[in-house]
Protein chains: 2
Amino acid sequence: MRIGIDDMACYVPSLYLDIRQLAEARGIAYEKLAHGLGLLKMAITDAHEDAATMAAEAIAELMTKNNLRPEQIGRIYLGTESALDAAKPTATYAVEMVQQRLGGSFRRCDVVDMTFACIGATDAMENCLDWVAGHEGRMAIVVASDVAKYELESTGEYTQGAGAVAVLIKWNPRLLEIPRQFGVAMDSVHDFYKPRREQFTETPVFDGPFSNQCYQNRMTEALQHFRELSGAEEPALSDRWARMIFHLPYAFHGKRIYVEEFISERKQAGDWAAICESNGLEEPHSAILTEPLAFDKNWQAFVKAAGKTPEYKQFVKQKLEKAQRASSDVGNLYTASIFMALMSTFASDFNENSQLTGKRFGFVAYGSGSKSKVFEGIVQEGWAEVAGHFRLFEKLSERRAIDYGTYEKLHRYELSQPVFPQEGRFALHSVGEDGVTLGARYYGQFHLNGRAVVQRTQPAELVS
Amino acid sequence: MRIGIDDMACYVPSLYLDIRQLAEARGIAYEKLAHGLGLLKMAITDAHEDAATMAAEAIAELMTKNNLRPEQIGRIYLGTESALDAAKPTATYAVEMVQQRLGGSFRRCDVVDMTFACIGATDAMENCLDWVAGHEGRMAIVVASDVAKYELESTGEYTQGAGAVAVLIKWNPRLLEIPRQFGVAMDSVHDFYKPRREQFTETPVFDGPFSNQCYQNRMTEALQHFRELSGAEEPALSDRWARMIFHLPYAFHGKRIYVEEFISERKQAGDWAAICESNGLEEPHSAILTEPLAFDKNWQAFVKAAGKTPEYKQFVKQKLEKAQRASSDVGNLYTASIFMALMSTFASDFNENSQLTGKRFGFVAYGSGSKSKVFEGIVQEGWAEVAGHFRLFEKLSERRAIDYGTYEKLHRYELSQPVFPQEGRFALHSVGEDGVTLGARYYGQFHLNGRAVVQRTQPAELVS
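So, here's what we can say about the structure. (Residues numbered from 1 in each chain as written. Chains lettered and ligands numbered in written order. Predicted model: local features only at pLDDT ≥ 70, side-chain atom pairs only at ≥ 80, totals over all residues. Heavy atoms only, no water.)

1. What to know about the nonpolar core
Part 1 of the argument: With 254 residues, the main nonpolar core has A:Ile169, B:Ile169 and B:Phe346 as its most contacted residues.
Part 2 of the argument: Discounting residues that sit within four places of it in the chain, B:Phe346 has contacts with B:Leu175, B:Leu176, B:Leu356, B:Phe361, B:Val379, B:Trp383, B:Ala387 and B:Phe390.
Part 3 of the argument: Counting residues in hydrophobic clusters, the runner-up holds 22 residues, among them A:Leu37, A:Leu152, A:Tyr250 and A:Phe252. (Core = buried A, V, L, I, M, F, W, Y, C linked by side-chain atoms within 4.5 Å. Buried < 20%, exposed > 50% of the residue type's maximum accessible area, 1.4 Å probe, protein only. Contact = heavy atoms within 4.5 Å.)

2. As for the state of the cysteines
All names here are of chain B.
Part 1 of the argument: Within this structure, the stated rule accounts for zero disulfides over all chains.
Part 2 of the argument: Cysteine 214 supplies the cysteine sulfur nearest to cysteine 118, a cysteine that is in no disulfide, at a spacing of 13 Å.
Part 3 of the argument: We classify cysteine 118 as buried; its relative accessible area is 8%.
Part 4 of the argument: Cysteine cysteine 128 is unpaired, with the sulfur of cysteine 109 as its nearest cysteine sulfur at 9.4 Å.
Part 5 of the argument: Owing to a relative accessible area of 0%, cysteine 128 belongs among the buried residues under this scheme. (Disulfide = S-S within 2.5 Å.)

3. Details of the relation of the copies chain A and chain B
Part 1 of the argument: Superposing chain A onto chain B takes a rotation of 180° combined with a translation of 0.0 Å along the rotation axis, leaving an RMSD of 0.0 Å. One copy is carried onto the other by what is essentially a two-fold rotation axis.
Part 2 of the argument: Comparing interface residues between copies, 100% of those in chain A also lie at the interface in chain B; the contact surface is shared. (Least-squares fit on C-alpha atoms with pLDDT ≥ 70 in both.)

4. What about the environment of B:Gln455?
Residues and elements named next belong to chain B.
Part 1 of the argument: Secondary-structure assignment places glutamine 455 in strand S18 (residues 451–456).
Part 2 of the argument: Residues glutamine 455 and threonine 80 lie 375 residues apart in sequence; the distance between their C-alpha atoms is 26 Å.
Part 3 of the argument: With sequence-adjacent residues up to four places away left out, glutamine 455 is seen in contact with Gln100, Tyr443, Gly444, Gln445 and His447. (Helix = DSSP H or I, 4+ residues; strand = E, 2+ residues; numbered from the N terminus.)

5. Side note on the pattern of salt bridges
Part 1 of the argument: Evaluated as defined, the whole model comprises 67 salt bridges over all chains.
Part 2 of the argument: When salt bridges that share partners are traced, they join A:Arg75, A:Asp110, B:Asp123, B:Glu126, B:Lys371 and B:Lys373 into one network. (Salt bridge = Lys/Arg side-chain N within 4 Å of Asp/Glu carboxyl O.)

6. Some remarks on the pairing of strand S9 (residues 183–186) of chain A
All names here are of chain A.
Part 1 of the argument: Burial of the side chains of S9 extends over both faces: Gly183 and Ala185 are buried on one face and Val184 and Met186 on the other.
Part 2 of the argument: As defined by bridge partners, S9 adjoins strand S14 (residues 371–379) across four bridges and the pair is classed as antiparallel. Its bridge partner lying in S14, glycine 183 is registered against valine 374. (Pairing = 2+ DSSP bridges.)

7. Considering the interface of chain A and chain B
Part 1 of the argument: Facing 81 residues of chain A, the contacting portion of chain B comprises 81 residues.
Part 2 of the argument: Each partner contributes to the roughly 7000 Å² buried at the junction of chain A and chain B, and carbon and sulfur atoms together form 50% of this total.
Part 3 of the argument: Among the residues chain A hides against chain B, the three largest losses belong to A:Arg108, A:Met186 and A:Arg196. Together they make up 12% of the total.
Part 4 of the argument: For the interface between chain A and chain B, the tally reads 14 salt bridges.
Part 5 of the argument: For the pair chain A and chain B, the interface holds 53 residue pairs in polar contact (both at pLDDT 80 or more). (Buried area = accessible area lost by both parts, 1.4 Å probe. Polar contact = N/O pair within 3.5 Å; in protein donor to acceptor, adjacent residues only side chain to side chain.)

8. Points about the sheet that holds strand S2 (residues 15–18) of chain A
Residues and elements named next belong to chain A.
Part 1 of the argument: Here three strands make up an open sheet; going across it, the order is S3-S2-S15 and the pairing mixed. Each of the sheet's edge strands pairs with one partner strand only, and the pair in question is strand S3 (41–44) and strand S15 (400–401).
Part 2 of the argument: Across two bridges, S2 lies against S15 in parallel orientation. Within S15, the residue paired with leucine 15 across the bridge is arginine 400.

These values are about where atoms sit, not about what they do.
Given below as C-alpha cells:
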C-alpha cells in the first residue's frame with residue numbers, strides 16, 4: 001500500500017512587512033538580512049487573525065479544491081506552538097470555522113493538538129500516516145499553524161512570520177508516498193521555549209546560537225537513525241535525495257546547517273579530498289582543535305570556507321534552494337515551515353518543468369526542546385498536476401505591504417480594527433469577558449457592508 | 001496480532017486532604033460530597049511537584065518493574081492539560097528525570113505532548129497502538145499526568161486531585177488487548193477550558209452542568225459510532241462489557257451520566273417495560289415534555305428514579321463500582337482519570353479473585369471542548385499476575401493527611417519547602433530567572449541529609 005500526501009494548501013496573512021523597513025528601523029544592514037539569512041518579507045497577522053483562523057483557512061481551501069465533505073475526514077490533527085488555550089485544542093476552533101463555511105458535520109472527526117515546538121505538525125503527520133494506513137480509504141488532514149512572534153528589538157524579530165499549511169493524507173496519494181520510517185533524535189534542552197510566566201506573553205525565550213547547535217546535533221543523530229532504519233546503501237545519504245526539505249526558521253538555515261554534514265558525507269563517498277584540493281582547502285589538523293568543534297575557530301573557519309565551494313553551492317542549488325523561496329517571502333512559520341518548504345519546492349519545480357516522478361525527497365524536521373526527525377518521500381506520478389494548483393507564489397504576490405508604524409501597532413495589539421479585511425475570511429469575532437465565558441473565543445467570517453462585520457459561527461449546543 | 005496494555009504504574013502525591021476538612025471549611029454538607037459524589041480524599045501536590053515530576057515517577061516505576069532500559073522504548077507520549085510550557089513538551093522534562101534515575105539514553109525515543117483536555121492521553125494511546133502495531137516488538141509508553149486545580153471556593157474545588165498513570169503498550173500484552181476501533185464524537189464548545197489570559201492561572205473556566213450535558217451527548221454519539229465500527233450485535237452495548245471504564249471527573253460521574261443510556265439500552269434489549277413495572281415507574285408521556293430532555297423537570301425526575309432501581313444499582317455494582325474506588329481517594333486526575341479507573345478496576349478484581357480472562361471492558365473517554373471516544377479492551381490471560389503488582393490501594397493508604405491550613409498554603413504556592421520530601425523522589429530544583437534561562441525548569445531528585453536538597457539532572461549539552 002502507498003500512503004502519503006495527496007494535496008496541500010497554505011494560508012499566509014495578507015499583510016507583510018518588507019525586511020528593508022525593519023532593517024532601517026533597527027539600524028541593521030539590509031544585506032545581512034537579505035543576503036546573509038535570505039529574509040525578504042515577513043508575513044504579519046492582521047488584528048483579527050490567529051493560529052485558529054489561519055488553520056481554518058488552510059483546511060477550508062484544501063477541502064474545497066478536493067471537493068471533500070467534512071464527513072469524509074476522519075481526523076484533523078493540528079501541530080502548533082501558538083495554542084490559544086491550555087485545555088481546549090486550537091484545532092476545535094479551526095474546525096468550527098470550517099464547518100461554518102462548508103456546512104456538513106465534523107461530529108465524527110477526531111481532532112487534537114500536538115505540541116513539540118516546530119516539530120509538532122511533523123509528529124501529527126507521522127501519526128496520521130499510521131492511522132490512515134490502518135484502513136483502506138481513510139483520509140486525514142494534518143494542519144500546521146503558527147504565529148512566529150518575537151519581542152520587538154530582539155534578535156529573533158527579523159525572522160518573524162505567520163501562516164498555516166494543511167496536508168491531505170490519503171491512500172494512493174498524488175504528491176508523495178511517505179514510507180513510515182522516521183529517524184528520531186531527542187534531548188531535553190532549553191534552546192527555545194515558552195515557559196509559564198505570571199504575565200502571559202506569546203514570545204519565546206531563546207538562545208539562537210545554542211539552538212542552531214542543538215538543531216545540527218539532533219539532525220546528525222536523526223540522519224544516522226534514519227540510515228539504520230532505511231537500510232540506505234548510499235555512502236552519502238543526501239545522494240539518495242533529489243531535494244531536501246528542512247524546517248526553516250529562516251530561509252538560509254538549511255544550507256547553513258548542512259555544511260558539516262556535507263563534509264562528512266563527501267568523506268564517506270570518497271570525494272572530499274578532491275574537493276579540498278580543487279578549492280585549495282586544508283582541513284585543520286586535529287591537534288590544533290582545542291575546543292569542541294562547535295566552538296573551535298579554526299574548524300568554524302574551515303566549515304565556512306567549505307560552504308563557499310562550488311561543489312556545496314551546486315548541492316544547495318540542486319537540492320535546497322527551491323525550498324527557501326517561500327520562506328524568504330513569509331518568514332518563520334514554526335510548525336508550518338517544513339510544509340511550506342515542501343510546497344515551495346513543488347511549486348518551483350512545477351514552474352521549471354522538472355522531472356521528479358519516482359525521485360526521493362529527504363526531510364529534516366526539528367523542534368526546539370529538542371527533537372529532530374528524518375524521513376523521506378517518493379514523488380508520485382500526479383505531482384505536477386497537483387502542484388500546478390498550489391497558486392503559492394501567486395498568493396504571495398497578492399499581499400499588501402504595511403509600513404513600519406502599522407507593523408509595530410499590530411505587534412503591540414494596538415489596532416482593534418483589521419488593516420485589510422476581506423469578504424468571507426475567517427476572523428476572531430470576540431472574546432468572552434466574564435463568568436463561564438471568560439476568555440472564550442468566538443469566531444466567524446467577515447461580511448463587508450460599508451464596514452467590516454464578523455458574522456459569528458452558531459453556538460453548537462444550548463448552554464445551561 | 002494482539003496489541004494493547006501490558007502493564008501500568010501510577011504516581012499519586014503523598015499528601016491528601018480529607019474531604020471532611022474541605023466540607024467544614026466551605027460549609028458544605030459532608031454527605032453531599034461523600035455520598036452524593038463519592039469524594040473522600042483529594043490528592044494534593046507538594047511544593048516541589050508538578051505534571052512533569054509525577055509523569056516521571058510513573059514512567060520510572062513502570063520501567064523499573066518491567067526491567068526496561070530507555071533504549072527499548074520507542075515512544076513516550078504524554079497527555080496533559082497541565083503543560084509547563086507552550087513549546088517545549090512537558091514530556092521532555094519527564095524523560096530527562098527518568099534518565100537521571102535509570103541511566104541509559106532516550107536519544108532515539110519519540111516524545112511529544114497531546115492536548116485535548118481530559119482525553120489527550122486516550123488520544124496518545126490510540127496513536128501509540130497504531131505505531132506499535134507497525135512493527136513487531138515495538139514498545140511505547142503513554143503517560144497521563146495532571147494537576148486538577150480549581151479556584152479556592154469555586155464549585156470545582158471539591159473535585160480536585162492530582163496524579164499520573166504510565167501505560168506500557170506492547171505486542172502480546174498481558175493485561176488488555178485493545179482492538180483499534182475507536183468511536184469518536186466531537187463538537188467545539190466551551191464547557192471547560194483554560195484560555196490565554198493576561199495573568200497566568202492554571203485553574204479552568206467551566207460550567208459544570210453544561211459540561212455534564214456535553215459529556216453525556218458526546219458519549220451517546222460515540223457509543224453509536226463505536227456500535228457501527230465494531231458491528232456489535234448486542235441490543236444493549238453494555239451487555240457486551242464485563243466492566244465499564246469512564247473518565248471520572250468525580251467518582252460517581254460514570255454512574256450518574258449513564259442512567260439515560262441505560263434506559264435506552266434496556267428499551268433496545270426489550271426489558272425496560274418490565275423494569276418500570278416492577279419498580280412502579282411511569283415514563284413521562286412525550287406530550288408533557290415541553291423542554292429539551294436535558295432541561296425538562298418531569299424527564300429529569302424520571303431519570304433520577306430510574307437510577308435508583310435495583311436493576312440500575314446492580315448494573316453499577318457489577319460494571320462501574322470498582323473503577324470508582326481509587327477516584328474517591330484521589331479526586332480528579334484529568335487525563336489520568338480513565339487510566340486510574342482501569343487500575344482501580346483491575347486491582348479490585350484481583351483482590352476479589354474475579355474471573356476476567358477473555359472478557360471485554362468498555363471505555364468511555366471524554367475531554368471538554370469537546371470530544372468522546374468509546375473503545376473496548378479484551379482481558380488477557382496474564383492480567384491477574386500483572387494487576388497483583390499494582391500496589392494501588394497500598395500506595396493510597398501510605399499517604400499523609402494534611403490539614404486545611406496546609407492545603408490552602410500549597411494551593412496559593414506559599415510554601416517554598418516541601419511538606420513531605422522523600423529520598424530519591426523527583427522534584428523541581430529551580431526555575432531560571434533571566435536572560436536565556438528565564439522560566440527554564442530544572443529538576444532533580446531529593447537527597448535527604450538533615451535537610452531536603454534536590455540534586456539536579458546534568459545539563460545535556462553545553463550552552464553557547
